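# A closer look at the structure
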Amino acid sequence: MKITSITAVPVSYRLPEGRTVTMGIGSTLKRDAVIVRVQTSEGITGYGEAHPGRSPGAIASLIHNTLAPLLVGMEATDVVGAWQRVHRMQLSSHGVGSGAALALSGIDIALWDIRGKAANMPLYALLGGSRRRVPAYAGGISLGYQPKESLAQEAAEYVERGYRALKLRIGDNPRDDIARVQHVRSALGDEVDILTDANTAYTMADVRRVLPVLEEIRAGWLEEPFACNDFASYREAAKVSALVPLAAGENHYTRFEFAQLLEAGAVKIWQPDLSKCGGITEGLRIAAIASAWRIPVNAHSSATTINHAATMHFLAAIENAGYYEACVSKFNPFRDLFGDIAQIGRDGCVQPPEGPGLGIAVDESVFAKYPLIDGPGYVVKF
């Protein structure tokens, strides 16, 4: 079974007035995704999702004009061979680095979808897992910078729906961040796991002020206080608290960058995104490295049903799985583009779909509803 074509479809939607969420990386204007279709000589089609990297047209162009010519004609089941070919010709020499990792991620997910369909097995089973229930937290583009009272009210809504964990966006300023997290903890009580994400907006001085308070409220982690490549700051911040672990990984690409995280010794929660890190093939390698060091993998989620399904299958198949990041964004039509698959139970858990491959039916007619919108997805006040 040969790969006969690889197609990328960039899609976008603009947030309606009043639906903007502000966090450390800015205020949202729109969201993008790149859907990847891989067709085979036996008529099996697989679908993947590549993260847009804030430039969806560029990622789509890279897939069409650089990666597809490398891979068309290869065996569709040879995910390792496809990964190695792209690594050789893009990631390791004269390539576009992270852009190639994003593009490859979408192709790799589609190839695994094909493998599952060819074997008539759901992806979690193909990966050696079971359809077990995976704990989820309320995440996505939500719980941003807002008055503490409305933030607590929004958080309580998710708890009422069944979530036993949620993630607050910090990185605004230490004073307001502290007030928000303390108020939400007081409002929700002690049974809810509160996670925090600074979206790379903190300085070391901010961390020294905020981490002791995160200890007081028993936060589950502090995510991405610094830029992904600022290993020195991560090492220093890890000395501030022994009780609140640092988390990172959604902006790290391939197992080689996660190896750098391991060597730095500071990040104790790993968060690879399958649409960014190199796909399922590379996600499994990253999880294996983490497992050897007893590091839990709490995968980051991207925009659409495709990534969400892949992530649930992945977490159901690795031994060191932590939380699934459920998208509770007030407005995200991409989340349910191909069905409402992430239904939270009263136990605070989700399950991967049951069908072959990713277990979702992709209706390509919906692509026309979300044409590519050029321009930035976030506005930041400098």
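As shown above, the structure is provided for reference.
Residues numbered from 1 in each chain as written. Predicted model: local features only at pLDDT ≥ 70, side-chain atom pairs only at ≥ 80, totals over all residues. Heavy atoms only, no water.

### Looking at the overall build of the protein
- Counting its regular elements, the protein contains eleven helices and 14 strands.
- Relative to the globule expectation of 21 Å for 382 residues, the C-alpha radius of gyration of the protein, 20 Å, shows essentially globular dimensions.
- With the principal axes as the frame, the protein shows a C-alpha extent of 60 × 40 × 40 Å.
- When burial is assessed residue by residue, the protein has 58% of its 382 residues classed as buried.
- For the protein, the share of sequence-separated contacts (at least 6 apart) that also reach a separation of at least 24 residues comes to 76%.
- With the model as given, the accessible surface of the protein reaches about 14800 Å², and the carbon-plus-sulfur share is 50%. (Helix = DSSP H or I, 4+ residues; strand = E, 2+ residues; numbered from the N terminus. Rg over C-alpha atoms; globule rule 2.2 N^0.38 Å. Buried < 20%, exposed > 50% of the residue type's maximum accessible area, 1.4 Å probe, protein only. Contact = heavy atoms within 4.5 Å. Areas by Shrake-Rupley, 256 points an atom, 1.4 Å probe, with all protein chains shown as cover.)

### A closer look at the sheet that holds strand E14 (residues 378-379)
- Strand order in the open sheet made by the three strands is E2-E3-E14, with antiparallel pairing throughout. One side of each edge strand has no neighbouring strand; the edge strands of this open sheet are strand E2 (22-23) and E14.
- In this sheet, strand E3 (residues 26-28) lies alongside E2 in antiparallel orientation, the contact comprising two bridges. Counted as the bridge partner of Met-23 is Gly-26 from E3. (Pairing = 2+ DSSP bridges.)

### Describing the sheet that holds strand E1 (residues 3-14)
- In space, the three strands of this open sheet follow the order E1-E4-E5, with antiparallel pairing throughout. Edge positions in the sheet fall to E1 and strand E5 (45-50), since each has one partner strand and no second. Along the sheet, successive strands turn relative to each other by an average axial angle of 20 degrees, direction set aside.
- Looking at chain direction, E1 and strand E4 (residues 30-40) are connected through eleven bridges and run antiparallel. By the bridge assignment, Val-11 is partnered in E4 with Ala-33.
- Packed onto the sheet, helix H3 (residues 98-119) meets E1, E4 and E5 and runs at close to 150 degrees relative to E5. (Axes fitted to C-alpha atoms, helices over the stretch in contact; angles between N-to-C directions.)

### Digging into the packing of aromatic side chains
- Counted under the stated rule, the structure contains nine aromatic pairs.
- Ring centres of Tyr-13 and Phe-331 lie 5.5 Å apart, and the angle between their planes is 75 degrees; on these two criteria the pair is classed as edge-to-face. Note that Tyr-13 is positioned in strand E1 and Phe-331 in the loop between strand E12 (324-327) and strand E13 (349-350), a separation of 318 residues in sequence.
- When its relative accessible area of 4% is taken as the criterion, Tyr-13 is described as buried.
- Of the residues examined, Phe-331 reaches a relative accessible area of 30% and is grouped as partly exposed. (Phe/Tyr/Trp six-rings, centres within 6.5 Å; stacked < 30°, edge-to-face > 60°.)

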